[in-house]
Structure formats: structure tokens, C-alpha cells
Amino acid sequence: MTLTKIDAIIEAVRFERYRWTPVRRTYIEKKYSTKKRLLGIPNWSDKLLEEVLRLILDAYYDPQFSKHSHGFRRGRGCHTALREVYHGWVGTAWFIELDVAQFFDRLSHDVLVGILAERIHDGRFLQLIAALLKAGYLEKWRFNVTLSGVPQGGIVSPVLANVYLDRLDQWVQTTLLPAYTRGDRRRPNPEYERLMHRAKYLHRTGRRRQARPFRRQAQQLPSVDPIDSAYRRLHFKRYADDVLLGFNGPCAEAEVIKQQIGMFLREQLHLDLSEPKTLLTHARTGAARFLGYEITVLAKDEARDQHDRRSLNGQIGLRVPADVIRAKCRPYVRHGKPTAWAEHLHDDPFSILVQFQQTFRGVANYYRLAYNLHRLDWLRYTMERSLVRTLGKKLRLSNPQVYRRFGASMHTANGPRKGLEVQVEREGNRHWLPNGVASHSDGGPMQSSTTGRRMPGMLERRCRTTAGGYM
């Protein structure tokens, strides 16, 4: 990278002489699937210019995007979408899972340029983006033209995808949501009201023992009418090409909503829904998959608050899927038992422990919104045993010898925990004192910026992993 090279790019763009290089196509494994995902990798000059285009488009379009879109946006992400589902979708009856079939490969160039041209009145800018879309790709050293789609792996591709699907967001927000949202609240269930009035009357007149059966019988029924035709609720969330809708109403209307969205995508955006991934799921008896979580509606009449009222029914539950745990454990297991991670036997013990710790911490942090986080205990156990066997195989130690050599007791916010700790001694003129102060050899103290962390240049560095807690 030099200023001369940057100046040459600026001059080529200014005089409309810049030519995009075909991207290099490669394939990566898809999660939980035997299929592979296509990636287009641009060269350095194209990456730099794409970043400039991304900054311009993001600054202009992001404030105008729908609040229901969470993918590839500042301050938004998977957890913001999941939190809004958790807090705002209480009482949902049906989940509608939508997945656009091969969206990044089938995106229409003409439709995308037309959407951009509605608000951007700069012909050279639009021509530059159109040339990027038609730059082609190289696969096995052969050039192929691109008639549709944007390259996954391109820097500007996520913003262009959001601009494209913003048409769907706006249509859902202005047309679909108002059509299927009405009523302030459901009407009361007459049978529930009759039983509760009887129980309250008996309780008020001193016959508490006789009131209990009526109250228990009422708490087996919904307190409101579940088929109230005057009440409907429709919720919508989108992350890239993954769409989830929550509907409170009959199944027939939920099916109509799914068909309406499919028709809009075909007619307006020239896209199709993936039939295997487009599902209609009953919220209480099934679970929808969205952003790696299982989303369901909890129902348990036995869960009561301090006033003996049902407190759990209708609440959204976020779960860690069982197949995710199995997939995460698979690299560390052979023949059904944890084994050494052969790919990292050449690393030093400190690096091995860091990689295990960071991998588990990433999974635990992503699924921290789930109510069944205890499922990660099996992953923690599997990774810990694999870590011990990896260190033992590298250092030619047995499992008990690994625990004796690297075992440590650590103080955490939840109390003391046993785990593994690797210390690396380094030469230098500073040493670490137990009270968190680093001293120079001349006796002058230097306070650490954060208590408990080793400062750069110290005599030792440590990596810890605890057993019994999420790191």
C-alpha cells in the first residue's frame, strides 16, 4: 500500500477508467449442512474502493432502513434482534420462518440498480456499482460472467443486500403489519371468568377450602379467548436473508401471510423462498430456528408467582439447539470419546489453552440469552477433556500429571473454581507482585491499568480456563 497507488485509483475513478477485477471464487463449509457456501474474494485495490462505496452507502441508507432489520448495521446484530423477539413477541401463536433461496447469488442487478437510482442521481456512481456487479469471477483459472447476484465476501455486498431487501421491509411495515394488527387486547374467556368469580365469592365468604377446586380448574383454561376474531398481532424481524414472523391468530391466516410474502418477493424482487427452510410452526408445541437459536413459547400452568397467578405462559423462550452442541463437540471427539486436538499439537501449551478458551467463550457468549445454558456443560466437559489430552499428548504426560502440572484454584465472582492455568516465564526487568503492582528493578512502582491483568513486557503471562463456570 502506497500513496502513489491510492492516487492512481482516485485518478482512474475520476476519469471513469477504473476496471474491477474478477473476484476469486472459493468454497467454505456451511454450518450443519453438507453443502458449501460460495465466497468471492476481491483483490486489494477493489477492497479499498468497495470500502469507500460501503461508507457512502451506509451513511446515506442506514438511517432510512427499517427498525425491523438487524443484519450488517451499526449498533445492531443477532442479539438485538433476539432481545426484541424475547421482549416484544409475548403470546405469539405461530412462527413463520422464511429463507430466501440463494439470495446473494440470485439478486437481480437491474432491480438493485433501479432501487439505487431512485434516490442516488449520480450516473457515474451508479455506473461504478453496475460495473462491480458484472465484473465476473475466476474459478479454476477460468473467467465466468455474473448475470445476477453479489459476491459473498465483498465488502460492499452486505450494504447492497440491505438496500435490496429494504423493499421487503417497507412493504411489510406499511402493508402487512397494519392489515394483521388490530384490537387492544383479547376479550376475556367466559368460562374462566365464571370459575374465578365463583372462587372469589367462596373465598370472600370464608369458604376457602371449597374455593380452591374452582381456582385450580380455572387455571387450566386460558384467561382470554384464544380465537378472538377482533384481536390480531403480527411481528417481523429480518437479519440479512433470514426472516422470522410471529403471528397471533389462526393458522389459515398465517398461511396466507406466508403466501403473500412469497408472491411479493417473486413479483417485485425476482426472488423465491426456499421451500425446505420456509416453515410454519406452532409456537407452543414446536420451535422456530432463527440466528442459531430455537425460539418457542413457554406454557406451564404449574409456574406461579407470589400471588398464585400463572407467570410463565405465553413468554418467549430462547434455547440452545441440541444439534448445535453436537456439532461444536464433533471436532474434539473420536469414537464417542474426547480426544486430543491433533491440528494444534505443534503449538505451545499457552497457545493451545488460549485457543480452547477463546472457542468456548465465543460459543458461551453467543448463547448467553438462552434459558437452557446448562446444555453447554457437555461442551465444556468435552473441550476440557480434549484440552487435557492435547496437552498430555504434546508433553507426554498422563491426564493426572496434566492436572497436577497445570491445575489451579481461581477466585471468581461466583466463588473459587478449579481449572487449568499456563504460565510462561519471560526475561525482563519487571516482575509481577501479588497485589497487582508491577515494579521496575530500581524499586519504582507502576500500577497496572486493570487489576488482575498482566501488563505487556512482564516476566510472565498466564491463560486460565475454569471448570464449572462459563469463561
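Below is a short write-up of the structure. (Residues numbered from 1 in each chain as written. Predicted model: local features only at pLDDT ≥ 70, side-chain atom pairs only at ≥ 80, totals over all residues. Heavy atoms only, no water.)

**Here we look at helix 10 (residues 251-268)**
Part 1: Given a rise of 1.5 Å per residue, 18 residues ought to cover 26 Å, and the 26 Å separating the end C-alpha atoms of helix 10 matches this to within 8%.
Part 2: Taken as a whole, helix 10 has its buried residues at Ala254, Ile257, Lys258, Ile261, Gly262, Phe264 and Leu265. The arc enclosing the buried residues of helix 10, seen along the axis, measures out at 160°, which places them on a common side. Of the exposed residues in helix 10, the ones pointing more than 90 degrees away from its buried face are Ala252 and Glu267.
Part 3: In this structure, the buried residues of helix 10 make contact with strand 3 (94-99), helix 7 (157-179), strand 6 (233-239), strand 7 (242-248) and strand 8 (279-282). (Helix = DSSP H or I, 4+ residues; strand = E, 2+ residues; numbered from the N terminus. Expected span 1.5 Å × (residues − 1). Buried < 20%, exposed > 50% of the residue type's maximum accessible area, 1.4 Å probe, protein only. Arc of directions from axis to C-beta. Contact = heavy atoms within 4.5 Å.)

**Observations regarding the side chain of aspartate 347**
Part 1: One can find aspartate 347 in the loop between strand 13 (337-338) and helix 12 (349-366).
Part 2: No salt bridge is formed by the buried aspartate 347; the nearest opposite charge belongs to lysine 394, separated by 7.3 Å.
Part 3: When sequence neighbours within four positions are dropped, the list of residues in contact with aspartate 347 reads Ile352, Gln355 and Lys394. (Lys, Arg positive; Asp, Glu negative; His and termini not counted. Salt bridge = Lys/Arg side-chain N within 4 Å of Asp/Glu carboxyl O.)

**Focus: the pattern of salt bridges**
Part 1: On inspection of all chains with the given rule, the structure shows 16 salt bridges.
Part 2: Across the pair aspartate 58 and arginine 74 runs a salt bridge whose closest N-O atoms are separated by 2.2 Å. Note that aspartate 58 is positioned in helix 2 (residues 44-61) and arginine 74 in the loop between helix 2 and helix 3 (78-88), a separation of 16 residues in sequence.
Part 3: Owing to a relative accessible area of 8%, aspartate 58 belongs among the buried residues under this scheme.
Part 4: Taking the shortest distance from any N to any O, the salt bridge between aspartate 225 and arginine 187 comes out at 2.7 Å.

**Observations concerning the packing of aromatic side chains**
The description of two aromatic rings rests on the distance between their centres and on the angle between their planes.
Part 1: Taken as a whole and judged by the stated rule, the model has 16 aromatic pairs.
Part 2: Between the aromatic rings of tyrosine 18 and tryptophan 20, the centroid separation amounts to 5.3 Å while the plane-to-plane angle is 80°, which identifies the pairing as edge-to-face.
Part 3: Ring geometry for tryptophan 341 against phenylalanine 356: centres 5.1 Å apart, planes inclined by 80°, an arrangement best described as edge-to-face. On the criterion of sequence distance, the pair formed by tryptophan 341 in the loop between strand 13 and helix 12 and phenylalanine 356 in helix 12 is long-range, its members being 15 residues apart.
Part 4: When its relative accessible area of 14% is taken as the criterion, tryptophan 341 is described as buried.
Part 5: Overall, phenylalanine 356 belongs to the buried group, its relative accessible area being 4%.
Part 6: Pairwise contacts between aromatic rings join Tyr60, Tyr61 and Phe65 into one cluster.
Part 7: Here arginine 25 stacks its cationic end above the ring of tyrosine 137, 3.7 Å away from the centre of that ring.
Part 8: One Lys or Arg, arginine 198, reaches over the ring of phenylalanine 214 and ends 5.9 Å from the middle of that ring. (Phe/Tyr/Trp six-rings, centres within 6.5 Å; stacked < 30°, edge-to-face > 60°. Lys NZ or Arg CZ within 6 Å of the ring centre and 35° of its normal.)

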